[in-house]
Amino acid sequence: MTDTADRTLTEDRERLLAVVRERGLIQFDEPRQLASGEMSRDFIDAKAALSRGADLRLACSVIAASVALAGIEFDAVGGLTLGADHFSHGIAAVLADHHEWFVVRKQPKGRGTDQLVEGAKLGPGRRVLLVDDVVTTGGSIRTAHERVVATGADVVAAVTLVDRSDIAAAYFAEQGVPYLPVFTYRDLGIAPVGAGGGN
């Protein structure tokens, strides 16, 4: 990546962080339960933050550029519905070449092809980029990883918009998969989930 491209990524990342803070970070007076079951006063609504097309395009461009900067190449991008869907489609559209998208269902639909993975066909020889919007304990992205690996595809990296703890990083380190959160709790100035104190 050139110095100009690196500078552009840094600027785009700063713009994206401002969007996430202004449109997606909600701070409550009392702790509330997150999807992971953890309690926190800080809630990150990534879907609301990126509901404008320009902001979603910015996020997908930052993710694609970050992966390229790390020297990672992939054929298909996706993850567990619903947190991965907008990134799966958006990154494939932003790159606009041979990249394909896929979505991992939470349950087979019980009819038609009855598949867990929809969209791009995954299997041996396919390089996959896993994506998610907000990771807390990593349950969703871990499920996606397990289901993709079961197809025989190779997960070459995992990316999330925001990581609220260090749990997913430890999991992917054990798997030997590069893990590249765009932002962490440190960037947002919030306490990590699981740190105690109901934060």
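Look up: the structure comes first, before these words.
Just so it is clear, the model here is predicted, and its values are computed rather than measured.

Peer 1: So what exactly am I meant to see when it comes to unusual backbone geometry here?
Peer 2: Across residues other than glycine, the phi torsion is negative in most instances, and most of the peptide bonds are trans. The amide bond that connects Thr81 to the next residue, Leu82, takes the cis arrangement and shows omega of 20°. By the element assignment, Leu82 lies in the loop between β3 (76–80) and α4 (85–95). Here Ala96, not a glycine, exhibits a phi torsion of approximately 50°, which is positive. Tracing the backbone through its elements, the reader meets Ala96 in the loop between α4 and β4 (100–104). Residue classification places Ala96 among the exposed positions, given a relative accessible area of 61%.

Peer 1: Where do I start with the pattern of salt bridges in this structure?
Peer 2: Pairing between side chains of opposite charge can happen when the charged atoms of each approach one another. The tally for this structure, following the rule as stated, stands at eleven salt bridges. Glu100 is paired through a salt bridge with Arg126; the nearest N and O atoms lie 2.5 Å apart. Of the two residues, Glu100 sits in strand β4 while Arg126 sits in the loop between β5 (117–119) and β6 (127–135), which places them 26 residues apart along the sequence. Owing to a relative accessible area of 34%, Glu100 belongs among the partly exposed residues under this scheme. For the salt bridge of Arg142 with Glu146, the shortest nitrogen-to-oxygen distance reads 3.4 Å. Of this pair, Arg142 and Glu146 both sit in helix α5 (residues 139–150), separated by four residues, roughly a single helical turn. Residues joined in a network through salt bridges with shared partners are Arg23, Arg52 and Asp55.

Peer 1: I keep staring at the packing of helix α1 (residues 3–24) against helix α3 (residues 53–69) and nothing clicks. Help me out?
Peer 2: Helix-helix packing: each pair is described by the crossing angle between the helix axes and the interaxial distance. Viewed as axis vectors pointing N to C, α1 and α3 meet at an angle of 135°, and their least axial separation amounts to 9 Å. Comparing their axes, α3 and α1 come out oblique. Every pair of crossing elements has a handedness; the one defined by α1 and α3 is left-handed. Counting all contacts with α1, which are made through Asp6, Leu9, Asp12, Arg13, Arg15, Leu16, Val19 and Arg23, the residues of α3 involved are Asp55, Leu58, Ala59, Val62, Ala65, Ser66 and Leu69. Across the contact of α1 with α3, the residue classes tally to eight nonpolar, one polar and six charged.

Peer 1: Quick question: what am I supposed to make of the side chain of Asp75 here?
Peer 2: Structurally, Asp75 can be placed in the loop between α3 and β3. Given the relative accessible area of 12%, Asp75 is considered buried. For Asp75, the contacting residues outside a window of four places in its chain are His98, His99, Glu100, Gly125, Arg126 and Arg127.

What counts as what
- Residues numbered from 1 in each chain as written.
- Predicted model: local features only at pLDDT ≥ 70, side-chain atom pairs only at ≥ 80, totals over all residues.
- Heavy atoms only, no water.
- Helix = DSSP H or I, 4+ residues; strand = E, 2+ residues; numbered from the N terminus.
- Buried < 20%, exposed > 50% of the residue type's maximum accessible area, 1.4 Å probe, protein only.
- Salt bridge = Lys/Arg side-chain N within 4 Å of Asp/Glu carboxyl O.
- Axes fitted to C-alpha atoms, helices over the stretch in contact; angles between N-to-C directions.
- Parallel < 35°, antiparallel > 145°, perpendicular 65-115°, else oblique.
- Left-handed = near helix turned anticlockwise from the far one by under 90°.
- Contact = heavy atoms within 4.5 Å.
- Nonpolar A, V, L, I, M, F, W, Y, C, P; charged D, E, K, R; others polar.

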